[in-house]
Amino acid sequence: MFSMCMKQMNLKIKLVSEEDNIDIKILGNMNENEITYKEDNTDVILSINKDTIKMNRKNNDYNIELVFNKTTKTISTYQVFGGLKTFQLETITKNLNISDKKIEIDYNLEGNDFSYTLEMEDL
């Protein structure tokens with residue numbers, strides 16, 4: 001899954017919404033276009049392309065794939081394992097900044113605003 005250039009990084013993650021204000025510092029892994037980390041019991045994978053980021057969050061209860069694109073509305077998917085139901089969620093990306101050391105995403109998911117920031121620092 002990882003290329004030979006995988007490296008471990010210090011990550012600072014901030015997620016702000018009406019219901020949440022999460023601010024954590026953890027270790028993660030990065031290769032050419034993918035960042036992975038574990039947030040409590042949730043595995044998180046960010047796949048980064050020029051104009052699009054896919055964020056997959058998976059644990060024992062659900063699997064959600066959020067798709068962020070600078071120019072278009074996207075459809076994200078949310079699968080609940082207990083009921084084995086899959087929901088489609090309209091995602092509007094308001095701001096998407098990708099740099100070598102920081103990712104910032106402001107988005108609206110089904111009418112709720114979120115702000116996600118990921119800062120990366122070499123070990």
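Scroll up to find the structure.
Here's what I pulled together on the structure shown here. (Residues numbered from 1 in each chain as written. Predicted model: local features only at pLDDT ≥ 70, side-chain atom pairs only at ≥ 80, totals over all residues. Heavy atoms only, no water.)

## Thoughts on the layout of surface pockets
- As a volume, the largest pocket reaches approximately 440 Å³.
- Forming the walls of the largest pocket are 20 residues, and the residues nearest its centre are Leu15, Asp20, Tyr107, Leu109 and Phe114.
- Listing elements by their share of the lining of the largest pocket, those giving two or more residues are strand S1 (7-17), strand S5 (52-58), strand S6 (62-69), strand S9 (102-109) and strand S10 (112-122).
- Of all the elements, S10 adds the most residues to the lining of the largest pocket, at four residues.
- Here the lining of the largest pocket is composed, by residue class, of 12 nonpolar, two polar and six charged. (1 Å grid on protein atoms, 1.4 Å probe; cavity = no way out; pocket = protein on both sides within 12 Å on 5 of 7 lines; lining within 4 Å. Points joined across faces, edges and corners; volume = space filled by probe spheres on them. Helix = DSSP H or I, 4+ residues; strand = E, 2+ residues; numbered from the N terminus. Nonpolar A, V, L, I, M, F, W, Y, C, P; charged D, E, K, R; others polar.)

## Description of the pairing of S9
- Judged from the seven bridges that link them, strand S8 (residues 85-98) and S9 form a sheet pairing that is antiparallel. The residue of S9 that forms the bridge with Ile98 is Ile103.
- Hairpin connection, S8 to S9: the antiparallel pair is bridged by three residues.
- The antiparallel pairing of S9 with S10 creates a hairpin that spans two residues between the two strands, and Glu110 there sits at a positive phi of about 50°. (Pairing = 2+ DSSP bridges.)

## Here we look at the packing of aromatic side chains
- Considering all chains together, one arrives at four aromatic pairs under this definition.
- Taken together, Tyr62, Tyr78 and Phe87 form an aromatic cluster joined through their ring pairs. (Phe/Tyr/Trp six-rings, centres within 6.5 Å; stacked < 30°, edge-to-face > 60°.)

## Observations regarding the environment of Asn69
- Along the chain, the position of Asn69 falls in strand S6.
- Overall, Asn69 belongs to the buried group, its relative accessible area being 13%.
- Distance in space between the C-alpha atoms of Asn69 and Lys50 is 9.4 Å, their sequence separation being 19 residues.
- Beyond its immediate stretch of four places on either side in the chain, Asn69 contacts Asp51, Thr52, Thr74, Thr93 and Leu96.
- Of the polar contacts made by the side chain of Asn69, one reaches the backbone nitrogen of Thr72; its length is 3.3 Å. (Buried < 20%, exposed > 50% of the residue type's maximum accessible area, 1.4 Å probe, protein only. Contact = heavy atoms within 4.5 Å. Polar contact = N/O pair within 3.5 Å; in protein donor to acceptor, adjacent residues only side chain to side chain.)

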